[in-house]
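A look at the structure
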Amino acid sequence: MVLAAGAGTRMRSSRPKVLHELAGRPLLEWVLETARSLGPDEIRVVTGVGGGEIRSRFGESGIRFVDQPEPLGTAHALGLAVVDVTGDPSVLVLYGDVPLLEADDCKRLLEAVEQPALTLLTMERMDPCGYGRIIRDEHGQVRRVVEEADLSDDTMRAIREVNTGILACSGQLLTRLLPRIGKRNAQGEFYLTDLVEEAFRDGVPVHTRLLRCPEKAQGVNSASDLATAERILQTRLAGALMRQGVRIRDPARFDLRGSVEAASDVELDVGVILEGRIRLGPGVRIGPYSILRDVSLGEGTEVLSHCVLEGVETGNHVRIGPFARIRSSTRLHHHVRIGNFVEVKNSRLGESSKANHLAYIGDAEIGDDVNLGAGVITVNYDGAEKHVTVIEDGVFVGCDSQLIAPVRLGHGSFIAAGTTVVRDTPPDQLTLSRNDQKNIPHWKRPGKKS
Ligand code: UD1
Ligand code: CA
């Protein structure tokens, strides 16, 4: 049972809390992934505020959604979810805003469900503020959980053992005890945590499992919590990559929002952001502050600093950047060079072709060994439609030339600097379109009137 119907007031956002993203995926998606990996008979998610949006995002995934029309509290939410539970299944309760928990932590908790006990996952935090405190009696027995808003004294406030929100319990026990929970507390809500007192009153044993690594139960209530959770998760993701041998210059300045397949000897400098599906061949190096989304780079390829690449596939030993932008469906073959302030879109560059400075290459089919000078522009858009520029092998395009598409530059064409190419060029010829140069003798440069 996943509780995700809270108002999320503390986020101060119009977006439902569980749709805020961690490492590029909604909080709820992380929780559901953990839930699914346990192989449950059923997953139910309680939604309320923003429920429509949540359902349309996760509707196809075999989950049963339960509507909580008003966020009256976590006990109320769970009560709605278990209403028609039959038999006596083990129920694991997860919170939609506690996204970093791993399957093993849940398994440990479920294994502890000796019917009809209640088992809570607790943690010890240096700063327990914001979490429900675990109150034990003189025998160490858990007696109740006191929410932050209901803390009455500093001794309680100082208790460092807190509730993660995650619990396991028999279904029967829940259907029996939940209706007894009232809302006589500071927030006037039906607290699920009051289940502990109810269980105790009924003589049902309450056990706890201590989460060894409290970071995993970081809750997300505010923008600041979200940032904390993001860093925890990123550290985990970077750690996994480093264990595979990826060299990350500074894991505190690395962000992954997708999946990476990395070969050996890959190096990522500081501030690299990887999104979507990323494949990095052996020896690939990514320079500082580059952003890659859905990119596949061949062996020995180097992306220098401050590049933005999206939808790019390269061969081996390609060099890109610094300050290059390459987007959607671009394929760069072996040894291609793309330099600073070059934009490439939906194009193919053949082996060893180069555009080293200040160029726009859009919708172009470029052969091998082509050299595009500084300031070359494929004029692909006529104001209504996009057109293709074809440049055959061995072409040299001089600086500041415009290629008005659709156009084909025959193999070995040599385009002089400053040419506007409006027609196909024949192979192995020089093409130029220029006005003759005039020099004005005895001309005086205007001077300032003093
Ligand atoms: C809750 C726990 C607290 C624990 C903390 C851990 C209660 C009463 N308190 O506090 O002991 O230390 O989590 O992170 O459970 N929700 C609903 N319906 C509601 C209210 C909430 O579905 O009516 C959902 C929320 O969407 C959220 C979860 O339940 O995913 C927890 O609710 P929240 O209000 O964030 O509780 P906390 O104050 O964080
Ligand atoms: Ca919370």
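This report concerns the structure included in the present document.

Thresholds, definitions, all that
- Residues numbered from 1 in each chain as written.
- Chains lettered and ligands numbered in written order.
- Predicted model: local features only at pLDDT ≥ 70, side-chain atom pairs only at ≥ 80, totals over all residues.
- Heavy atoms only, no water.
- Donors = N, O, S within 2.8 Å, 3.2 Å for Na, K, Ca; no water.
- Helix = DSSP H or I, 4+ residues; strand = E, 2+ residues; numbered from the N terminus.
- Buried < 20%, exposed > 50% of the residue type's maximum accessible area, 1.4 Å probe, protein only.
- 1 Å grid on protein atoms, 1.4 Å probe; cavity = no way out; pocket = protein on both sides within 12 Å on 5 of 7 lines; lining within 4 Å.
- Points joined across faces, edges and corners; volume = space filled by probe spheres on them.
- Core = buried A, V, L, I, M, F, W, Y, C linked by side-chain atoms within 4.5 Å.
- Contact = heavy atoms within 4.5 Å.
- Disulfide = S-S within 2.5 Å.
- Phe/Tyr/Trp six-rings, centres within 6.5 Å; stacked < 30°, edge-to-face > 60°.
- Nonpolar A, V, L, I, M, F, W, Y, C, P; charged D, E, K, R; others polar.

Turning to the coordination of the calcium ion (ligand 2), a few remarks are in order. Within the protein, the calcium ion (ligand 2) binds to Asp97 (OD) and Asn221 (OD1); these donor distances fall in the range 2.2 to 2.4 Å. Of this pair, Asp97 sits in the loop between strand E6 (90-95) and helix H4 (103-111) while Asn221 sits in the loop between strand E11 (206-210) and helix H8 (223-243), and the two are 124 residues apart along the sequence. With respect to burial, Asp97 and Asn221 carry one shared label: buried.

Below, the discussion takes up the layout of surface pockets. When its volume is computed, the largest pocket comes out at roughly 1100 Å³. Together, 45 residues line the largest pocket, and Arg10, Lys17, Thr74, Asp97 and Asn221 are the ones closest to its centre. Elements represented by at least two residues in the lining of the largest pocket include exactly strand E1 (2-4), helix H3 (74-81) and strand E10 (161-170). Element by element, the count of residues in the lining of the largest pocket is highest for E10, at 3 residues.

Glancing now at the nonpolar core. In this structure, Leu118 and Leu192 are the most contacted members of the largest nonpolar core, which totals 60 residues. Leave out the neighbours within four places in its chain, and Leu118 touches Leu167, Ala168, Cys169, Leu173, Leu195, Val196, Ala199, Val204, Pro205, Val206 and His207. Counting residues in each nonpolar core, the second largest holds 48 residues, with Ala238, Val246, Val312 and Leu349 among its members.

What follows covers the state of the cysteines. On inspection of all chains with the given rule, the structure shows 0 disulfides. The cysteine Cys213 is free of any disulfide, with Cys106 supplying the nearest cysteine sulfur at 14 Å.

Another aspect to go through is the packing of aromatic side chains. Per the counting criterion, the structure on display carries 2 aromatic pairs. Consider the rings of Phe323 and Phe341, whose centres lie 5.5 Å apart with planes at 15°: the pair is stacked. Note that Phe323 is positioned in the loop between strand E20 (319-320) and strand E21 (325-327) and Phe341 in strand E23 (residues 337-345), a separation of 18 residues in sequence. Residue Phe323 is classed as partly exposed on the basis of its relative accessible area, which comes to 40%. Judged by centre distance (4.5 Å) and plane angle (10°), the ring pair of Phe396 and Phe414 falls under stacked. Of this pair, Phe396 sits in strand E30 (residues 396-397) while Phe414 sits in strand E33 (residues 414-415), and the two are 18 residues apart along the sequence.

Inspection of the entire model under this criterion finds 2 cavities of 30 Å³ or more. Its boundaries defined by the atoms lining it, the largest cavity holds a volume of some 40 Å³. Lining the largest cavity, in full, are Tyr95, Leu120, Asn163, Gly165, Leu167, Leu192, Thr193 and Val196. Ranked by residue count, the leading element in the lining of the largest cavity is E10, at 3 residues. Residue composition of the lining of the largest cavity, by class: 5 nonpolar, 3 polar and no charged. Counted as a void, the second largest cavity has a volume near 30 Å³.

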